[in-house]
Amino acid sequence: MLILKNYLTDNLQFLLVGLVWLFVGMYLGPVHLVFIPAMLLLMYRKELHLEILLGFFLVLFWSDSRSHELSFAASVKNVYIVLISLFSYWEMKKDYRRIDFYKYFIPFFCLGFICIIFSPNMFLSFQKVLSYVLLFSFFPNYFLFVYLKYGPYLFKGLIFLVSVLVLVGLGFSFLNYDIIILAGRYRGLLGNPNGLGLFLYLFIILFAIINERFPHVFSKAEIYFVYGICFISLLKCGARSSLLAVMMFFFFKRFYKLSPILGFFIFLITLFIYQLVSQNLVDIILALGLGDQLRVNTIESGSGRLIAWEFAWQKIQDNFYIGNGFNYTEYIYRQNYEYLSKLGHQGSAHNSYLTIWLDTGLIGLLCFLMGLLFMFLKAAKRSTLAIPFLYTVLFSNYFESWLTASLNPFTIQFLLIVSMLFLPLNEDEFHTSEPVRDDEMLKKIA
């Protein structure tokens, strides 16, 4: 607990800001739409860039909650991404180069705007495409700017912010608070158990990459603490695909360190043995003694995903090459909620590829996958961790649709991880003059 005490002491200012936002959002109604943006502009003038970045992460975390009291975050995040984009534009106009992997997705973005004209809700579709473009184009550069200003201290603040959120969820579970339970499964402070699993899977990989790039930022005690609470939470929520994605990352990470070619062949072998493993998955889980945690009784039914995928495939036939705009998948699943519920499914498509296909057509799906591939191939030139992470992303999005939305606590972690992989190999690479530094904050790392 000394670790958390030190974090709370060092980040008291940010925590107070978060509590003020929470109070205003929960108790002062629409005032939050003026108060929080005004406070962000003031923070920018005071050069509190780290607090702005962490605040964005916190708002996106709140926005995934099912709690009515936190519903304000869903509207604030739309304003937040616009302000983050403006801050990024103003700062990167100076003398810094940019993280520009967004350019690989320009064909996908353009098609997303074209598909708006076919959308049943054109305004909402436009909002979602715009937020996607802004997040991919500007957020990585603001992250780069904050990194150049604060150095690895940035990661201290981010990692321990998430650790506090995870630990609070665990605390509620031991106190038997029903607020962290949904349909009999642990969900922490997020909206649903699978969402918590996705959040932890991405966070664990983010933490692993930080420790790989900056091995002296966290002590051994801090590393054990963070991994410990994350894996406990991951097992408690019973998100099988997320747990498997984490295992895949650490597995391929080891082989890619030895040789990328060896790692690729191991990946091909894994694809071949996947069918054998899936056929004996129940026996494997029972042998490990994880039957209850991984909900072995629901494996046969696929938790309703097969129903969702079959329904999506039927709808794809109506608009095979060009889709009906961002948010169309959510629209048709809401329209057919009663029908799908009777079949045993609740929720959306649970597959990013089917969701993108429905929203932007086959052409959009191919544009997105090509952008993803080119981005990771470039990242792989800088880090051997890029391709192992790509494998987990491809796997995870087969079971969930998290990458098809922008303003959630999952996609932002994805962009943080990719941006981490694109960080300069040396400081001179990303600036043309001396970087802005906060020496006092850097001393805290020691």
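Residues numbered from 1 in each chain as written. Predicted model: local features only at pLDDT ≥ 70, side-chain atom pairs only at ≥ 80, totals over all residues. Heavy atoms only, no water.

A. Up close: the overall build of the protein chain. Counting secondary structure elements, the protein chain contains 20 helices and 2 strands. Each of the 446 residues in the protein chain was classed as buried or not, and the buried ones make up 55%. Considering only contacts within the protein chain whose residues lie at least 6 apart along the sequence, 76% involve residues at least 24 apart. (Helix = DSSP H or I, 4+ residues; strand = E, 2+ residues; numbered from the N terminus. Buried < 20%, exposed > 50% of the residue type's maximum accessible area, 1.4 Å probe, protein only. Contact = heavy atoms within 4.5 Å.)

B. Broad picture of the pattern of salt bridges. Tallied over the full model, the rule gives 6 salt bridges. Two residues, Lys253 and Glu212, come together in a salt bridge whose shortest N-O distance is 3.6 Å. Highlighted residues: Lys253 in helix α11 (residues 240-258) and Glu212 in helix α9 (residues 193-213), separated in sequence by 41 residues. By relative accessible area, which is 16% here, Lys253 ends up buried. Exposure remark for Glu212: the relative accessible area of 32% places this residue in the partly exposed category. (Salt bridge = Lys/Arg side-chain N within 4 Å of Asp/Glu carboxyl O.)

C. Looking closely at the environment of Gly25. Take Gly25: it is sitting in helix α2 (residues 12-27). Along the sequence, Gly25 and Leu70 sit 45 residues apart, while their C-alpha atoms lie 7.2 Å from each other. If near-sequence neighbours (up to four positions away) are discounted, Gly25 is found in contact with His32, Glu69 and Phe72.

D. Main features of the nonpolar core. Judged by nonpolar contacts, the single largest core of 146 residues is most densely connected at Trp21, Phe56, Tyr201, Met375, Phe389 and Phe414. Those residues in contact with Phe389 that lie beyond four places of it in its chain are Tyr201, Leu202, Ile205, Phe249, Phe376, Phe414, Ile417 and Val418. (Core = buried A, V, L, I, M, F, W, Y, C linked by side-chain atoms within 4.5 Å.)

E. Here's a closer look at the packing of helix α8 (residues 153-174) against α9. Running from N to C, α8 and α9 cross one another at 150°; their axes reach a closest spacing of 12 Å. In terms of axis orientation, α8 runs roughly antiparallel to α9. The two elements α8 and α9 cross, and the hand of that crossing is left-handed. Listed contacts from α9 to Phe155, Leu158, Ile159, Val162, Ser163 and Val166 of α8 are Phe199, Leu200, Phe203, Leu206, Phe207 and Ile210. (Axes fitted to C-alpha atoms, helices over the stretch in contact; angles between N-to-C directions. Parallel < 35°, antiparallel > 145°, perpendicular 65-115°, else oblique. Left-handed = near helix turned anticlockwise from the far one by under 90°.)

F. Fine view of empty space enclosed by the protein. Summed over all chains, the structure comprises 4 cavities of 30 Å³ or more. In this model, the largest cavity occupies a volume close to 60 Å³. What lines the largest cavity is simply Phe61, Leu165, Val166, Gly169, Tyr186, Gly188, Leu189, Leu196, Leu200 and Ser233. Mapped onto the lining of the largest cavity, the elements with two or more residues apiece are α8 and α9. Here the lining of the largest cavity takes 3 residues from α8, the largest share from any one element. For the lining of the largest cavity, the per-class residue count stands at 7 nonpolar, 3 polar and no charged. (1 Å grid on protein atoms, 1.4 Å probe; cavity = no way out; pocket = protein on both sides within 12 Å on 5 of 7 lines; lining within 4 Å. Points joined across faces, edges and corners; volume = space filled by probe spheres on them. Nonpolar A, V, L, I, M, F, W, Y, C, P; charged D, E, K, R; others polar.)

G. Local environment of helix α4 (residues 49-63). The first and last C-alpha atoms of α4 sit 21 Å apart over 15 residues, in line with the 21 Å expected at 1.5 Å per residue. By the criterion of burial, α4 is predominantly enclosed, with 15 of the 15 residues buried. (Expected span 1.5 Å × (residues − 1).)

H. Up close: the side chain of Ser419. Looking at the secondary structure, you find Ser419 in helix α19 (residues 411-421). Those residues in contact with Ser419 that sit more than four places away from it in its chain are Ile99, Phe101, Pro140 and Phe143.

I. How the structure looks around the confidence of the model for the protein chain. Across the protein chain, the average pLDDT comes to 84, with 84% of residues at 70 or higher. When pLDDT is averaged over each element of the protein chain, helix α6 (residues 106-114) comes out on top at 96 and helix α20 (residues 439-443) at the bottom at 42. Taken as a whole, residues 278-282 scores under 50 in pLDDT and shows 4 contacts with residues more than four places along the chain or in a different chain. Low confidence marks residues 431-446, where pLDDT is under 50. Its contacts with residues over four positions away, or in another chain, come to 30 contacts. (pLDDT = per-residue confidence, 0-100.)

J. Local environment of the packing of α6 against helix α17 (residues 352-380). Where α6 meets α17, the axes come as close as 9 Å, and the angle between the chain directions of the two elements is 155°. Classified by the angle their axes make, α6 and α17 are roughly antiparallel. For the pair α6 and α17, the crossing hand works out as right-handed. When α6 is examined against α17, the residues Pro107, Phe108, Leu111 and Gly112 are found in contact with a partner set consisting of Ile356, Thr360, Ile363, Gly364, Cys367 and Phe368. Class assignment of the residues belonging to the contact of α6 with α17 gives a composition of 7 nonpolar, 3 polar and no charged.

K. Region of the structure containing the packing of aromatic side chains. Applying the stated criterion across every chain yields a total of 54 aromatic pairs. Geometrically, the ring pair formed by Phe155 and Phe214 is tilted, given 5.2 Å between the ring centres and 35° between the ring planes. Highlighted residues: Phe155 in helix α8 and Phe214 in the loop between α9 and α10 (220-237), separated in sequence by 59 residues. Judged by its relative accessible area of 13%, Phe214 falls in the buried class. Both rings, one in Tyr398 and one in Phe399, keep their centres 5.2 Å apart while their planes meet at 80°; by these two values the pair is edge-to-face. (Phe/Tyr/Trp six-rings, centres within 6.5 Å; stacked < 30°, edge-to-face > 60°.)

L. The side chain of Lys77, seen in detail. Checked against the element boundaries, Lys77 lands in helix α5 (residues 72-92). Comment: no salt bridge for buried Lys77; closest opposite-charge side chain is Asp64, at 7.4 Å. Discounting chain neighbours no more than four positions away, the residues touching Lys77 are Phe56, Val59, Leu60, Ser63 and Leu407. (Lys, Arg positive; Asp, Glu negative; His and termini not counted.)

M. Local environment of a nonpolar patch on the surface. Taken together, the side chains of Ile114, Ile117, Phe118, Met122, Tyr321, Ile322 and Ile363 present a nonpolar region at the surface, about 680 Å² in accessible area. Positionally, Phe118 belongs in the loop between α6 and α7 (122-150). (Patch = residues over 30% accessible without salt bridge, like charges linked within 9 Å, V, L, I, M, F, W, Y side chains within 5 Å. Areas by Shrake-Rupley, 256 points an atom, 1.4 Å probe, with all protein chains shown as cover.)

N. Main features of unusual backbone geometry. If you check the backbone angles, Glu47 has positive phi at about 60° while not being a glycine. Relative to the assigned elements, Glu47 resides in the loop between α3 (32-45) and α4. Even without a glycine there, the phi angle at His350 is positive, about 55°.

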